[in-house]
There are 2 protein chains.
Amino acid sequence: MAEHTISFDRDGSVSVPTGTLLTEAAVQAGVFISQPCGGQGRCGRCAVQVQNGGVRRRSTLRLSEEDVAAGYALACQTVVESDAQIIVPDQDTLDRTLTSDRVVAQPAVPPGYDPQRDQSVRRYCLTLSPPTMDDQRDDWSRLQTAVAQQADLPQLTISLPLLRQIGPVLRQGDWQVTAVVSIGEDAARLINLLPGPVSNEAPLLGLAIDIGTTTVSVWLVELLSGEVIAQTAEYNRQIRCGEDVISRIIYASKNNGQAELRRLVLESINTLVERVMQKAGSERQVTSEQVIKATVVGNSIMMHLLLGIPAESIRLSPFVTAVNHLPPFTAQEIGLDIHPEAEVICLPGVASYVGADITAGVLSSGLDDAPDVSLFMDVGTNGEIVLGCRDWLVTCACSAGPAFEGGGVRDGMRATRGAIEAVWIDGNTYEPTLRVIGNSKPRGLCGSGLISLLAEMFLTGVVDKGGHLNQHLATDRMRQGESGPEYIIAWADETWHGRDIAITHVDIDNLIRAKAAVYAGISVLAESVGVPLEMAEQVLIGGSFGKYINVENGVQIGLLPDMPWDNFKFLGNTAVLGAYHALLSQTAQQRIGEIAGRMTYIELSADNSFYEAFTSALFLPHTDLSQFPSVATQIEDVNEKISRKDAKVFS
Amino acid sequence: MAEHTISFDRDGSVSVPTGTLLTEAAVQAGVFISQPCGGQGRCGRCAVQVQNGGVRRRSTLRLSEEDVAAGYALACQTVVESDAQIIVPDQDTLDRTLTSDRVVAQPAVPPGYDPQRDQSVRRYCLTLSPPTMDDQRDDWSRLQTAVAQQADLPQLTISLPLLRQIGPVLRQGDWQVTAVVSIGEDAARLINLLPGPVSNEAPLLGLAIDIGTTTVSVWLVELLSGEVIAQTAEYNRQIRCGEDVISRIIYASKNNGQAELRRLVLESINTLVERVMQKAGSERQVTSEQVIKATVVGNSIMMHLLLGIPAESIRLSPFVTAVNHLPPFTAQEIGLDIHPEAEVICLPGVASYVGADITAGVLSSGLDDAPDVSLFMDVGTNGEIVLGCRDWLVTCACSAGPAFEGGGVRDGMRATRGAIEAVWIDGNTYEPTLRVIGNSKPRGLCGSGLISLLAEMFLTGVVDKGGHLNQHLATDRMRQGESGPEYIIAWADETWHGRDIAITHVDIDNLIRAKAAVYAGISVLAESVGVPLEMAEQVLIGGSFGKYINVENGVQIGLLPDMPWDNFKFLGNTAVLGAYHALLSQTAQQRIGEIAGRMTYIELSADNSFYEAFTSALFLPHTDLSQFPSVATQIEDVNEKISRKDAKVFS
């Protein structure tokens, strides 16, 4: 078959046969092309510009005729037919550095943390009696006895690779050695054996790992002091194979997708591990070989993909996981570049769409131990919601869709440089004021920007309570676009890419559906236990997205329940915080297991009351205004003002 | 560096740089050269003939000047300096096929064997309730519940690779599956999961593996019936790296020797596994993937080398192993080509030189359960001896050296085609009659042949009780050789290789030291417990070598205690038989553990009484003739006859 040379503008070229997908050629060339929908040709985000070359477009969905005329093609739907030069638009290249700027503040070590009591990994300096002709016990028995003399442990086990090392290490250390042991309920396992005594000051390292669908976070922790030495985060490299979990599951089921996704997330984690070691290494002498424990959280799909476990059943009714409670593994089994024998604890999830990120998040929020009822929310592509207290816990997951992460919205984007994160609209001129991440020219709208925009549009009458754009508005920002009415947020000459940034009727519809799904989930949970939402003392909001939501805006559009602002607590990345707690304390780890066991999971897709609640929530802020008294007041004010301007929008 | 072409007579050629050892070049060319001493230049067995080429001999120990003049060189001590042609003498090429002719008879299934009670591996046909929207348990919980409903097992564990399979297998089998589970004391482990129900008649396969220093034996066993489906054996491929355990330990400590020895023994085992599968496959549909359990026995060095565990400490005072009681492994961890999750049980040893072959051998001999005292011997390169009964067990190992396996004797060889295995000497003419394995022309003497020869020489006055050759004998078979007096057993024109086969003074000395070491070991054991040897009801002789010893000859030279012939039981390969018992029965497996725990090990090298006993045994049959009353009688007869011939040898 004929070979063709495909050059990518900045990143070199590859030779591929006729019929190769541009996305495949890009992978071979090491060029990153975003494929939020997993290469299904649905999202249009993989559009590239083809110059001087012949390609065949299988589909041009999401591309206009002008786009195609200008050479644009969907990389996931376009095959090579001759040599070609490809330009990958800048806006689709992920800004990989920014995420780490947004790491959370140094968490406090849990009060009263005592590694001798709480930590499952212990270090023992041992002095063994050397073998003699009168004492010919084998090395392993001798070592077991020495450990037993220092600590009352269950039966000590050892792996074959370590068994190969003990003889030489015992002799190298002249029968003085340092043993690192992981202690479980029924057995203790030797993790490492080092020649000679090790100073008590020498660090004993662990990792708390949170695998988000979008972002992977890694904390390097000194296990004896509990100190977080370094933390870092980057985009989950699986993003190129699909932006949401469903796209990833589909990608995994194709060809070698399962292995590819596993490789990518491991690449993300291991890169971050390298980075935290570098960060820490500038001050102290630490190596990744010293990392002997890790806890991992993530939603159920991320956990399956990390472990290479097929996740197909999660996507299909009746939506079950292969496994919720994972046994402990070694780093080597999983593929983490730390000490091969390191204990890796994948924390337990509850269901297909309520994973370890939520159980760990609930722990770190303290909800499961509180006397009063709290509401816990982690909103991203999916909204996971927990309602409960120390006596009971109910949970559900609502498919919010990707709108809050910038997906399914024409000018949506992730919260990176150039994303509009807040909008204010002048009620008289309808001119918007924007706050852009990185203070750059705007490239698009991220989730918090979209929520802010929707709230402002609603309160200024740019949209009505049904989400319809008011086309009679006295501003040239309202116009008819290709897919119906749209409101211009930034003019082409103000933007990064020289194209207008607008919000369309379809975008607004997606946003309202997303917020309705989340609010309906909250309502169903409250109904299911017969507890009125007002009873919740606190609304605990986890997840990095939650951190940037403006509560007022969230309440105004009916995403968040209408409560005093003081009741809202933004906890940041509760998942990694929970992993950190479990990393330090066996009790915390067990408590996460108990949370997973205690939670009553309500499957919304099997729940008729959910559809009712969802339909009621498809308005701004809600059909039942009595649920949003503070917003009702604002609306009255606005209506009054609008009626004065003789442009009554709200009926 | 200059490259030279080294051609091996039959097996092609390689290009190697100046300074390459001939043994290394041979490995690269895939040519087998025996290195009994492990490449130390001590044994002289790797001698090759160099034609048309330049080499440098670092050492010519064991080669005569004539040998060197004829082009002979020690391959392990000779480096390449130019192109050369190498002839590898035929006699050093191992006859690999013969060993398998000598497999033992089909063993009986242990009476009352009940897999439902005795077998640690069980198979369950399971019907699971499929998941529904009302029952969204994860696959693994569902499977655990289904197993628990069928059997009262400890907590079921699973490996990551299997965890990856359960989802697809459950659905492929439409929620009907067959689970294979290995049941331990504290936990049960899922070994395999197959879609759909499996007939109760379908075989469940296991392997009993005995790794001898010389021979590796593998039995394929149907675990439900206990039937041995096929058995086979071949030389341990490690032989090329050293014939005895000490040479192997030395080889392991050099360069990449550890990995090489591990690879070689795995190659032996996996070749045998393939062969038993072929043997079995002609009648039934079986595959190595169906083998889900194996038990392994071998001396402590063989166990260490199989597992890649350094064995150096075994060789050096105070002679300790890295590990005696090994945890269970999976086939994948060890490298066996059977089901990767198969349970592999390496049975426990007692000390550096009393390994799992002996503990398993004691079990299969029944000694540990007998009311009366028995003596158990396994004589090969090392002689392992156990004395005891159901109430007590003592054991020791005596370094007999390689004489009984044909080593350390000029014309010694292993018991393969061409080996003289029995000798009769005419008391008048001193003419020998020979029995040769395979009825071929003789190539050398194997262990049983040497014992037979020594006994005959002693009883005909060819050697005296001190082992000195009677140089005044009226026969041209007695002559002065290069290393002193020697007795010709076969003339050059009668032999395979056209050289005389003789036994030298040095050979006889080695043989007497070997038998003295074994007998001294027996004496010390008896002394240590204060039990006279005569009290032993039985002498149980294990090991394939033992099978071919002529008891009369053994007693005559003072290797075996002087007891009625009926008291001797030749049990064949007791080690593999013990492995077979442990493969079938958990109780047998535990009993081997108990035997290992119960045995009192006596270290002979630290025992003064051993040297005394050894010195006393350095005569034929012994200094103290009262210990060998039957031989004393024979000697009297012979002395009488010799004195009649006026050639008094015995004083």
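The rules behind the values
Residues numbered from 1 in each chain as written. Chains lettered and ligands numbered in written order. Predicted model: local features only at pLDDT ≥ 70, side-chain atom pairs only at ≥ 80, totals over all residues. Helix = DSSP H or I, 4+ residues; strand = E, 2+ residues; numbered from the N terminus. Rg over C-alpha atoms; globule rule 2.2 N^0.38 Å. Buried ≥ 20, exposed ≤ 12 C-beta atoms within 10 Å, placed from the backbone. Contact = placed C-beta atoms within 7 Å. Pairing = 2+ DSSP bridges. Least-squares fit on C-alpha atoms with pLDDT ≥ 70 in both. Domains from an automatic or database assignment. Core = buried A, V, L, I, M, F, W, Y, C linked by C-beta atoms within 7 Å. Axes fitted to C-alpha atoms, helices over the stretch in contact; angles between N-to-C directions. Expected span 1.5 Å × (residues − 1). Arc of directions from axis to C-beta. Nonpolar A, V, L, I, M, F, W, Y, C, P; charged D, E, K, R; others polar. Parallel < 35°, antiparallel > 145°, perpendicular 65-115°, else oblique. pLDDT = per-residue confidence, 0-100.

We now examine the overall build of chain A. Scanning chain A from terminus to terminus reveals 19 helices and 29 strands. Compactness check: chain A gives a C-alpha radius of gyration of 27 Å against a globular reference of 26 Å for 651 residues, within 12% of the reference. Across its three principal axes, chain A shows a C-alpha extent of roughly 105 × 70 × 45 Å. Expressed as a percentage of its 651 residues, the buried residues of chain A come to 53%. A sequence separation of at least 24 residues applies to 66% of the contacts in chain A between residues at least 6 apart.

All names here are of chain A. Across the sheet, which stays open at both edges, the six strands sit in the order S28-S27-S18-S19-S20-S29 with mixed pairing between neighbours. Two strands in the sheet have a free side with no partner beyond their single neighbour: strand S28 (568–572) and strand S29 (600–601). Of the pairings in the sheet, the one linking strand S18 (residues 374–379) to strand S19 (residues 382–388) comprises six bridges and is antiparallel in character. Each residue of the ladder has a partner; that of Phe-376, found in S19, is Val-386.

The operation relating chain A to chain B is a screw motion whose rotation component is 180 degrees, with 0.0 Å of axial translation and a residual RMSD of 0.2 Å. In the structure described here, the two chain copies are related by an operation that fits a two-fold rotation axis. For chain A, the minimum C-alpha distance to the rotation axis belongs to Asp186(A) and amounts to 4.1 Å.

Once that is clear, we can look at the domain arrangement of chain A. The domain architecture assigned to chain A consists of domain 1 (3–90), domain 2 (207–356), domain 3 (365–401 + 513–631) and domain 4 (403–511). Each of domain 1 of chain A and domain 2 of chain A was reduced to a C-alpha centroid, and the two centroids are 30 Å apart.

On to the nonpolar core. Among the nonpolar cores identified, the biggest contains 352 residues, and Leu207(A), Ala579(A), Leu207(B) and Ala579(B) are the most heavily contacted of them. What Ala579(A) contacts, discounting residues up to four positions off in sequence, is Ala208(A), Ile209(A), Asp210(A), Thr295(A), Val296(A), Val297(A), Leu347(A) and Ala360(A).

Here the focus is the sheet that holds strand S18 (residues 374–379) of chain B. Residue and element names in this part refer to chain B. Pairing is mixed across the open sheet formed by six strands, whose spatial order is S28-S27-S18-S19-S20-S29. Each edge of the open sheet is held by one strand with a lone partner, namely strand S28 (568–572) and strand S29 (600–601). In this structure, strand S27 (residues 538–542) lies alongside S28, joined through four bridges in parallel fashion. If you follow Val-539 over to S28, its bridge partner there is Phe-568. Contacts from helix H11 (residues 356–365) reach S18, strand S19 (382–388), strand S20 (393–399), S27 and S28, with the element oriented near 135 degrees to S18.

Glancing now at the environment of Ala208(A). Residue and element names in this part refer to chain A. Structurally, Ala-208 is set in strand S12 (residues 205–211). You can call Ala-208 buried: it has 29 C-beta atoms within 10 Å. The sequence separation of Ala-208 and Val-344 amounts to 136 residues, and the corresponding C-alpha distance is 9.9 Å. Non-local contacts of Ala-208, meaning those with residues more than four positions away in its chain, are made with Trp-219, Val-221, Thr-295, Val-576, Ala-579, Tyr-580 and Leu-583.

Time to look at helix H16 (residues 586–598) of chain B. Residue and element names in this part refer to chain B. Taking 1.5 Å of rise per residue, 13 residues should cover 18 Å, and H16 covers 18 Å from first to last C-alpha, within 8% of that figure. Listed as buried for H16 are Ala-588, Gln-589, Arg-591, Ile-592, Ile-595 and Ala-596. Angular distribution of buried residues about the axis of H16 spans 160 degrees; they occupy a single face of the element. For H16, the elements touching its buried residues are strand S17 (343–346), H11, S20 and helix H15 (574–584).

Residue and element names in this part refer to chain B. Across four bridges, the pairing between strand S24 (residues 478–481) and strand S25 (residues 484–490) is antiparallel. Residue pairing in the sheet places Met-478 in a bridge with Tyr-487 of S25. Connecting S24 to the next strand, S25, in antiparallel fashion are two residues.

Outside of glycine, negative phi angles account for most residues, and trans bonds account for most peptide bonds. Geometrically, the link from Ser317(A) to Pro318(A) is a cis peptide bond, its omega value of 5 degrees lying close to zero. When you line up the elements, Pro318(A) lands in the loop between helix H9 (312–315) and strand S16 (329–330). Positive phi, normally seen in glycine, also occurs at Asn52(A), with a value near 45 degrees. Considering the arrangement of structural elements, one finds Asn52(A) in the loop between strand S3 (47–51) and strand S4 (55–57). Notably, Asn439(B) is not glycine yet its phi reads approximately 50 degrees, a positive angle. Relative to the helices and strands, Asn439(B) resides in the loop between strand S22 (432–436) and strand S23 (444–445).

Turning our eyes to something else, we now look at helix H16 (residues 574–584) of chain A. Of all 11 residues in H16(A), 11 are buried; the element is thus mostly enclosed. Along H16(A), the residues classified as buried are Thr574(A), Ala575(A), Val576(A), Leu577(A), Gly578(A), Ala579(A), Tyr580(A), His581(A), Ala582(A), Leu583(A) and Leu584(A).

With that settled, consider the interface of chain A and chain B. Listed as interface residues are 37 residues of chain A and, on the opposing side, 37 residues of chain B. Looking at the side of chain A that touches chain B, the elements that each hand over two or more residues are helix H4 (139–150) and helix H5 (160–172) of chain A. Counting residues per element, the side of chain A that touches chain B draws most heavily on H5(A), which supplies six residues. Among the residues forming the side of chain A that touches chain B, the class breakdown is 20 nonpolar, 10 polar and seven charged.

Now for the environment of Asn200(B). Residue and element names in this part refer to chain B. With respect to the helices and strands, Asn-200 occurs in the loop between strand S11 (188–195) and strand S12 (205–211). For Asn-200, a count of 9 C-beta atoms within 10 Å puts it in the exposed group. In this structure, the C-alpha to C-alpha distance between Asn-200 and Phe-568, residues 368 residues apart in sequence, is 43 Å.

Residues and elements named next belong to chain B. Counting buried residues along S12, seven of its seven residues qualify, which places the element largely inside the surrounding structure. In S12, alternate side chains face the same way, and those of Leu-205, Leu-207, Ile-209 and Ile-211 on one face and Gly-206, Ala-208 and Asp-210 on the other are all buried. Bridge count between S12 and strand S13 (residues 215–222): seven bridges; the pairing is antiparallel. Bridging from a neighbouring strand, Ile-209 pairs with Val-218 of S13. Where S12 folds back onto S13 in an antiparallel hairpin, the turn is made up of three residues. Note that S12 and strand S15 (residues 291–298) share seven bridges and pair parallel.

Turning our eyes to something else, we now look at the packing of helix H11 (residues 356–365) of chain A against H16(A). Residues and elements named next belong to chain A. Look at H11 against H16: their axes get within 7 Å of each other, and the N-to-C directions meet at 75 degrees. When the interaxial angle is binned, H11 and H16 end up roughly perpendicular. Along its contact with H11, which presents Asp-357, Ala-360, Gly-361, Leu-363, Ser-364 and Ser-365, the element H16 presents Thr-574, Ala-575, Leu-577, Gly-578, Ala-579, His-581 and Ala-582. Considered class by class, the residues forming the contact of H11 with H16 number six nonpolar, six polar and one charged.

Once that is clear, we can look at the environment of Gly281(B). Here Gly281(B) shows up in helix H7 (residues 257–281). Remark: the alpha-carbon pair of Gly281(B) and Ile229(B), spanning 52 residues in sequence, is separated by 9.7 Å.

Turning to the confidence of the model for chain A, a few remarks are in order. Residue and element names in this part refer to chain A. Mean pLDDT over chain A stands at 89; residues scoring 70 or higher make up 94%. A low-confidence stretch, residues 91–103 stays under pLDDT 50, and its non-local contacts, those more than four residues away or across chains, total 27 contacts. Confidence over residues 647–651 falls short of pLDDT 50; this stretch has 12 contacts with residues more than four positions distant or in other chains. Confidence metrics for the complex model read pTM 0.84 and ipTM 0.85.

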